[in-house]
Amino acid sequence: MMNRFLFTTLLLALTTTASRAQNWSESKLGNISTVTNKGGQTLGYSTTSGVKLIIDKGLAFKDLNKNGKLDAYEDWRLPVAIRAKDLAAKMTVEQIAGLMLYSKHQPIPSAPAGPFAGTYGGKVFAESGATPTDLSDQQKEFLTKDNVRHVLITSVQSPAVAAGWNNNAQALVEGLGLGIPANNSSDPRHGTRADAEYNAGAGGAISMWPGSLGLAATFDPAIVRQFGQIAAAEYRALGIATALSPQIDLATDPRWYRFSGTFGEDPKLTTDLARAYIDGFQTSTGSNEIKDGWGYTSVNAMVKHWPGGGSGEAGRDAHYGYGKYAVYPGNNFATHFLPFTEGAFKLAGKTSMASAVMPYYTISLGQDKKNGENVGNSYNKYIITDLLRTKYDYNGVVCTDWNITADETAVDVFLTGKSWGVEKLSVAERHYKILMAGADQFGGNNDAAPVIAAYKMGVKDLGEKAMRTRIEQSAVRLLTNIFRVGLFENPYLSVETTASVVGKPAFMDAGYQAQLKSVVMLKNKAKALPLTKGKTVYIPKRFTPAGRNFLGMNTPEKLEYPVNLAIVKKYFTVTDNPDEADYALAFIRSPDSGGGYSSADAKAGGNGYVPISLQYGDYTAQGTRDPSFGGGDPLEKFTNRTYSGKTNKTINSSDLTMVTETYAKMKGKPVIVAVQMSNPTIFSEFDKQSSAILAHFSVQDQALMDILTGVAEPSGLLPMQMPADMKTVETQAEDVPRDMTSYKDSEGHSYDFGFGLNWKGIIQDNRTKTYLKPAQRAKAEIK
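All chains use their own residue numbering, which begins from 1 and follows the written sequence. Owing to the predicted nature of the model, reporting of local features is limited to residues with pLDDT of at least 70; listing and counting of side-chain atom pairs is limited to 80 or more, with chain, interface and lining totals taken over all residues. Calculated side-chain values reflect all of the structure's heavy atoms, with hydrogen atoms and water omitted.

Going by an unreviewed UniProt entry, the protein carries the name beta-glucosidase and comes from Fibrivirga algicola. UniProt positions are given in the numbering used here, feature names are shortened, and annotations may be inferred rather than shown by experiment. Per UniProt, the protein has the following entry under Sequence similarities (unreviewed entry): "Belongs to the glycosyl hydrolase 3 family." Per UniProt, the protein has the following entry under Catalytic activity (unreviewed entry): "Hydrolysis of terminal, non-reducing beta-D-glucosyl residues with release of beta-D-glucose."

On a plain count of helices and strands, the protein comes out with 23 helices and 32 strands. Over its C-alpha trace the protein gives a radius of gyration of 28 Å, about what one expects of a compact globule, namely 28 Å for 783 residues. Taken along its principal axes, the extent of the C-alpha atoms in the protein is 105 × 60 × 60 Å. Burial statistics for the protein: of 783 residues in total, 58% are counted as buried. Strands are runs of DSSP state E lasting at least two residues, helices are runs of H or I lasting at least four, and both sets are numbered from the N terminus onward. For a compact globule the rule gives 2.2 Å times the number of residues to the power 0.38, and the radius of gyration it is set against comes from C-alpha atoms. Classification of residues uses two cut-offs on accessible area relative to the type maximum, computed with a 1.4 Å probe and protein chains only: under 20% is buried, over 50% is exposed, and between them is partly exposed.

Here we come to the side chain of Asp146. Summarising the element assignment, Asp146 is placed in the loop between helix 5 (137–144) and strand 8 (150–156). Buried charge without a partner: Asp146 forms no salt bridge, and the closest opposite charge is Lys145, 5.3 Å away. A distance of 3.1 Å separates the side chain of Asp146 from the backbone nitrogen of Ala448, its partner in a polar contact. Contacts: residue pairs with any heavy atoms within 4.5 Å of one another. Beyond its immediate chain neighbours, meaning those up to four positions away, Asp146 contacts Gly98, Leu101, Glu141, Asn446, Asp447 and Ala448. Neither His nor the chain termini are counted; the positive set is Lys and Arg, and the negative set is Asp and Glu. We define a salt bridge as a contact between a side-chain nitrogen of Lys or Arg and a carboxyl oxygen of Asp or Glu at a distance within 4 Å. Between N or O atoms, a polar contact is any pair within 3.5 Å; within protein, one atom must be a potential hydrogen donor and the other a potential acceptor, and residues adjacent in sequence are included only when both atoms are from side chains.

So, on to the UniProt feature "domain: Glycoside hydrolase family 3 N-terminal" (unreviewed entry) in the protein. With numbering matched to this structure, UniProt assigns "domain: Glycoside hydrolase family 3 N-terminal" (unreviewed entry) to residues 135–479. Structurally, residues 135–479 is divided into 35% helix and 11% strand, and its ends, taken at the C-alpha atoms, are 23 Å apart.

What follows is about empty space enclosed by the protein. Lining residues are those with an atom within 4 Å of a point, where the points come from a 1 Å grid over the protein atoms alone and group into cavities, where a 1.4 Å probe fits but cannot get out, or pockets, open sets with protein on both sides within 12 Å along at least five of seven lines. Grid points are joined across faces, edges and corners, and a volume is the space filled by probe spheres set on the points. This structure, assessed with the given rule, holds six cavities of 30 Å³ or more. Counted as a void, the largest cavity has a volume near 60 Å³. In this count, Pro and Cys sit with the nonpolar residues alongside Ala, Val, Leu, Ile, Met, Phe, Trp and Tyr, while Asp, Glu, Lys and Arg are called charged and the others, Gly among them, polar. Classifying every residue of the lining of the largest cavity by side-chain character gives five nonpolar, five polar and no charged.

Read from one edge of the open sheet, three strands run 1-2-3, paired in antiparallel fashion. Each of the sheet's edge strands pairs with one partner strand only, and the pair in question is strand 1 (24–29) and strand 3 (42–46). If you compare each strand with its neighbour and ignore which way they point, the axes differ by 20° on average. In this scheme, strands are said to pair when DSSP sees at least two bridges between them. Between N-to-C directions, angles cover 0 to 180 degrees, with each direction set by a line fitted to C-alpha atoms, over the stretch in contact for helices.

Here we take up unusual backbone geometry. Omega for the bond connecting Trp306 with Pro307 falls within 30 degrees of zero, at 0°, which places this linkage in the cis form. Turning to its location among the elements, Pro307 is positioned in the loop between strand 13 (300–306) and strand 14 (325–326). Cis geometry is adopted by the peptide bond preceding Pro627, which originates at Asp626 and carries an omega value of 5°. Tracing the chain through its elements places Pro627 in the loop between strand 27 (619–620) and strand 28 (647–648). Although it is not a glycine, Phe219 sits at a positive phi angle of roughly 55°. Assignment of secondary structure puts Phe219 in the loop between helix 7 (212–217) and helix 8 (221–237). The phi torsion at Asn403 lies on the positive side, around 70°, for a residue other than glycine. Its place among the elements puts Asn403 in the loop between strand 17 (397–398) and helix 12 (427–437). Of the residues examined, Asn403 reaches a relative accessible area of 27% and is grouped as partly exposed.

Attention now goes to the pairing of strand 1. The side chains of a regular strand alternate, residue by residue, between the two faces of the sheet. Judged from the six bridges that link them, strand 1 and strand 2 (residues 32–37) form a sheet pairing that is antiparallel. Along strand 2, the bridge assignment pairs Glu26 with Val35. Here strand 1 folds back onto strand 2, and the loop between the two strands holds two residues, one of which, Gly30, carries a positive phi near 65°.

A few words on the layout of surface pockets. Approximately 910 Å³ is the volume attributed to the second largest pocket. In terms of lining residues, the second largest pocket is bounded by 36 residues, among which Asn490, Pro491, Tyr492, Leu493 and Ser494 are the most central. Secondary-structure elements contributing two or more residues to the lining of the second largest pocket are strand 2, strand 3, helix 6 (159–174), helix 8 and helix 15 (495–501). Split by residue class, the lining of the second largest pocket holds 14 nonpolar, 19 polar and three charged.

Counting through the fold element by element, Lys324 comes out in the loop between strand 13 and strand 14. For Lys324, the side chain forms a polar contact with the side chain of Asp633, separated by 2.7 Å. In this structure Lys324 touches Ala318, Thr362, Ile363, Glu408, Trp420, Glu423, Gly632, Asp633, Pro634 and Arg641, once residues within four positions along its chain are discounted.

It is worth spelling out the nonpolar core at this point. Within soluble globular proteins, side chains that are nonpolar tend to cluster in buried spots. Only buried residues count toward a nonpolar core. Its members are Ala, Val, Leu, Ile, Met, Phe, Trp, Tyr and Cys residues joined through side-chain atoms within 4.5 Å. Within the largest apolar cluster, 194 residues are counted, with the highest numbers of intra-cluster contacts made by Leu479, Phe683 and Phe686. Sort the elements by how many residues they give to this core and helix 8 lands first, with eight residues. Ignoring any residue separated from it by four or fewer positions in sequence, one finds Phe683 in contact with Leu522, Val675, Met677, Ile693, Met722, Tyr743 and Tyr751. In this structure, Ala314, Ala621, Met726 and Val729 belong to the second largest nonpolar core, which totals nine residues.

Here we take up the packing of aromatic side chains. Two aromatic rings from Phe, Tyr or Trp, using only the six-membered ring of Trp, form a pair when their centres are within 6.5 Å; if the ring planes differ by under 30 degrees the pair is stacked, by over 60 it is edge-to-face, and anything between is tilted. Taken as a whole, this structure holds 34 aromatic pairs when the rule is applied. Summarising the aromatic geometry, the rings of Tyr120 and Phe125 are spaced 5.4 Å apart at their centres and angled 70° between planes, so their arrangement reads as edge-to-face. On the basis of an interplanar angle of 0° and a centroid distance of 5.2 Å, the ring pair of Tyr322 and Tyr597 is categorised as stacked. Of this pair, Tyr322 sits in the loop between strand 13 and strand 14 while Tyr597 sits in the loop between strand 26 (583–589) and helix 18 (599–603); the two residues are 275 residues apart in sequence, bridging distant segments of the chain. Given a relative accessible area of 7%, Tyr322 falls into the buried group.

The next thing to look at is the packing of helix 5 against helix 6. Interhelical geometry of helix 5 versus helix 6 gives an angle of 35° and a closest axis separation of 10 Å. The two elements helix 5 and helix 6 cross, and the hand of that crossing is right-handed. Across the interface between the two elements, Gln139, Lys140, Leu143 and Thr144 from helix 5 touch Trp165, Leu172 and Val173 from helix 6. Tallied by class, the residues present in the contact of helix 5 with helix 6 amount to four nonpolar, two polar and one charged. By definition, any crossing whose near helix is turned counterclockwise from its far helix by less than a right angle is left-handed, and any crossing with a clockwise turn is right-handed.

This part is about the pattern of salt bridges. For the structure on display, the rule yields 32 salt bridges. Note that Lys646 is salt-bridged to Asp601, the shortest N-O span being 2.9 Å. Here the residue Lys646 occupies a position in the loop between strand 27 and strand 28, and Asp601 occupies one in helix 18, the gap between them amounting to 45 residues. The exposure class of Lys646 is buried, given its relative accessible area of 19%. Here the residues in one salt-bridge network are Asp56, Asp75 and Arg77, joined through shared partners.

Moving on, we come to helix 19 (residues 654–666). A helix's residues, less one, multiplied by 1.5 Å, set its expected span. With 13 residues, helix 19 extends 18 Å between its outermost C-alpha atoms, agreeing within 8% with the 18 Å of an ideal straight helix rising 1.5 Å per residue. Buried within helix 19 are the following residues: Asp655, Leu656, Met658, Val659, Thr662 and Met666. Along the axis of helix 19, the buried residues cluster in a sector spanning 160°; they form a single face. Buried-residue contacts for helix 19 involve strand 20 (536–538), strand 21 (542–544), strand 26 and strand 29 (671–676). One or two positions beyond helix 19, positive phi appears at Lys667, with a value near 55°. This arc corresponds to the set of directions leading from the helix axis out to the C-beta atoms.

Okay, structure coming up:
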């Protein structure tokens, strides 16, 4: 019999040998090596980056800084908080400065000209011989020289190209310094192509969903959560780990240019949808989860815009100098916090809160109760530190909106600096003020120099130790968001997997079903809808005059059919002769009168300010605010921005003409109007000429055809009020939700928040019980 000593010695030897056994395996595809740890994390690294493996207790780890030992930040077994703190302490000031940058917009491949242009070997892409997955000269420079690790991706040629570009970018940065991966991001990219055809079982470039207002019109957080889950899966397959969304500003002024990007004006609905959206994006489950709901299918949600930007004076938007002031005549500042404090920061899922917050450009006029500063929100210490950080205990990343540290060059240009309230400071001083206000990151800035200069200012004011502590605090927050989605372990993509995930049939179908549920039927006189398939329809062409888009770029005039006739012809016979038609289908857009500023008026000696109109006909402002609450800009010699007595024209007034002329041509036969809505609209101008009215928020033409013909029943509800007239628009308070007199149509229906019809009549269900005030429900029941 073996004695006890020998048995114990042998057991220890066997245990030690087993613990040192190789519990990992490795495979290679091209330049990408994949390492599978048994019971641990899967690693990916490029064989061109110089990274080697370190083995500890039979498991493999990436030696990202190439020092031959396992550092805490390289050890995927450790908590993220420990890893992030360890790495931040190892970073130089220059590396942290680069981490604090968020790149300018990057199309892939880069554009040949314009604000987002790039070159390849000094030549434009088409002349360079480069492939679409190659990095541009500018991308290589800001990734290497400026240590940028947060890249904003706009257009991509295809999902496969996005995956290949991601792999090339990650291989480059993996070989630099401490091996910090790129955290690529995107603005919302799941909008619809109206003329695209949906076929059950067919895939697409990416799943298509209704716009934000359309998601809101479903009044269904479950649909919004599903969108977040699907969008996150597609984002990660494209190499995107951060979403610059959702936009949860309360759109309390109906004229606001960014209304369409919101969930509407109601605090409770917006709060519930914000929570669902972020839970969908951020939560990983099953084998994809790493810890606390975070993992390989998680996408960081950068919620915007704190503390709410939907109360711009007279509806003007703060992308422009003419819209820099948010006002609060209803003393309703705190209500705008609710989607953040009760939604984004109180998630139902395990990730707990949105990982990042973007303040808006606006000066929240008169709301700094501590320091009395009227400066852009990212510059305001009271709004960022005292409110967001301290009162609401938010410790995630705060990233400024894009281009706020650059100089302003004109009050009416989109692509200009937006340093509202601090125009007299230098660029470096603006960066320093933002850091001291409590923000962590600078949007749209590829240049580390002003961040480093800001650091030196802090050293002079506070001392080296205090300023180093301050920037390490931001570094830890930024690194945390990269660690917990698994990018340090494996930032690489399989091109084949990407192609199979992005736009797969099940995702396309989910998006299409959501589109159907987002359409709101406002009117159905004498049950004009649903229409009978195979009947003959007349569709007038829509005229679009020449103009300028949101970016200030010129757009040509057009006269064209407003829908894809090939799709329409699968439902109806189309004629150009109204006399032959059974019905007319008019497709229009909500009124667009511009952003509230006229350079022609300014050149003629006026102050440049004009009303924003929600009607198609010419509008002359009467009895409006004079003087304005907000005013003052280095490029203006006055502070009163009133537009009282001025007249403004709607750019697409011909949409109204199209409806009224069609009504006359149809000689009493039904005219069905479908309105694509970006903002609330005054319906009195064409209500009586319409037998039925559908409101939608960017859906495919086919979805409208399915609703019109009864393939699907309308179920959407208005996520905002439709004003009775411009008088109620002018007298409502910019900061107060649902404070207008709503339009009442020829059938006696009030187009109030939460209104919508189905084939039976006014919709009353669990959604209306949840979100309508009792008084509203009572009115609906009386009808």
